[in-house]
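Structural characterization, general
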Amino acid sequence: MSDSYDQDGCNRGSYDPSNIFAKILAGEIPADVVHEDDRCLAFRDIQPQAPVHVLVIPKLQLAKVGDAQAEHGAMLGHLLLVAGQVARQEGVGDAFRVVINHGADAGQSVFHLHVHVLGGRDLAWPPG
Ligand code: AMP
């Protein structure tokens, strides 16, 4: 694990390569993959919170969305494009939600950036 801190005290670039999504990317543990390209992998959440619950993850090592730098802009945009594509592919293209948890206090439990794509049921607002 490596750490670097900005002047504002933000921890950027901390990444533990032994996290579970890194192992999925490395092919060390299986996943129910619904999409793969050169920049990302999308697979079904093992504990789905909706009839459709897919995670879209980048292939590069980034722990949290707030760690992203300007150079990651195209990759972040690509994750959202794939989220929409996956939603359409899964039959929920008319109503779905995209969620990114940043930090343990916001519910993040796996520290490899991931986009949740949820659909197939009523989604309350505001979210919990
Ligand atoms: P978060 O709480 O935002 O970090 O989301 C992590 C998500 O990863 C949770 O919804 C978990 O159910 C999911 N998850 C954990 N391990 C696996 C796995 N091996 N395969 C698929 N999804 C997983």
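Owing to the predicted nature of the structure, the values given are computational and were not obtained by experimental measurement.

1. A short note on the pairing of strand 3 (residues 33-36)
Sheet analysis places strand 3 next to strand 4 (residues 40-44), joined by 3 bridges and oriented antiparallel. Across the sheet, Glu36 pairs through a bridge with Leu41, a residue of strand 4.

2. Comments concerning the confidence of the model for the protein chain
Low pLDDT marks stretches whose predicted atomic positions should not be read closely. Across the protein chain, the average pLDDT comes to 93, with 90% of residues at or above 70. Mean pLDDT across the elements of the protein chain ranges from a minimum in strand 1 (residues 2-5), with 47, to a maximum in strand 4, with 99. For the stretch residues 4-11, pLDDT sits under 50, and the model shows 10 contacts to residues farther than four places along the chain or on other chains.

3. Section: the site of the ligand
Close to the ligand lie 16 residues; Asp45, Asn101, Gly107, Ser109 and His116 are nearest. Between the ligand and His114 there is a distance of 2.9 Å, counted from an oxygen atom to a side-chain nitrogen or oxygen. Here an oxygen atom of the ligand sits 2.8 Å away from a polar atom, N or O, in the side chain of His116. In a pocket analysis with a 2 Å cut-off to the grid points, the ligand is assigned to the largest pocket.

4. Thoughts on a nonpolar patch on the surface
There is a patch of nonpolar side chains on the surface, built from Leu80, Phe96, Val98 and Ile100 and spanning about 300 Å² of accessible area. Mapped onto the elements of the fold, Phe96 is located in strand 6 (residues 96-99). Judged by relative accessible area, which is 32%, Phe96 ranks as partly exposed.

5. Notes on unusual backbone geometry
In this chain, Trp125 is followed by Pro126 through a cis amide linkage whose omega measures 0 degrees. Within the secondary structure, Pro126 is located in the segment after strand 7 (115-119).

6. Quick notes on helix 2 (residues 73-89)
Under the 1.5 Å per step criterion, the end-to-end length of helix 2 is 24 Å for 17 residues, consistent within 8% with the ideal 24 Å. Those residues of helix 2 that fall on the buried side of the exposure criterion are Met75, His78, Leu79, Val82, Ala83, Gly84, Val86 and Ala87. Structurally, helix 2 contributes buried residues whose contacts are with strand 3, strand 4, strand 5 (52-58), strand 6 and strand 7. Positive backbone phi, at 85 degrees, marks Gly91, one or two positions downstream of helix 2.

Conventions and cut-offs
Residues numbered from 1 in each chain as written. Predicted model: local features only at pLDDT ≥ 70, side-chain atom pairs only at ≥ 80, totals over all residues. Heavy atoms only, no water. Pairing = 2+ DSSP bridges. Helix = DSSP H or I, 4+ residues; strand = E, 2+ residues; numbered from the N terminus. pLDDT = per-residue confidence, 0-100. Contact = heavy atoms within 4.5 Å. Near = heavy atom within 4 Å. Polar contact = N/O pair within 3.5 Å; in protein donor to acceptor, adjacent residues only side chain to side chain. 1 Å grid on protein atoms, 1.4 Å probe; cavity = no way out; pocket = protein on both sides within 12 Å on 5 of 7 lines; lining within 4 Å. Sits in = over half its atoms within 2 Å of the grid points. Patch = residues over 30% accessible without salt bridge, like charges linked within 9 Å, V, L, I, M, F, W, Y side chains within 5 Å. Areas by Shrake-Rupley, 256 points an atom, 1.4 Å probe, with all protein chains shown as cover. Salt bridge = Lys/Arg side-chain N within 4 Å of Asp/Glu carboxyl O. Buried < 20%, exposed > 50% of the residue type's maximum accessible area, 1.4 Å probe, protein only. Expected span 1.5 Å × (residues − 1).

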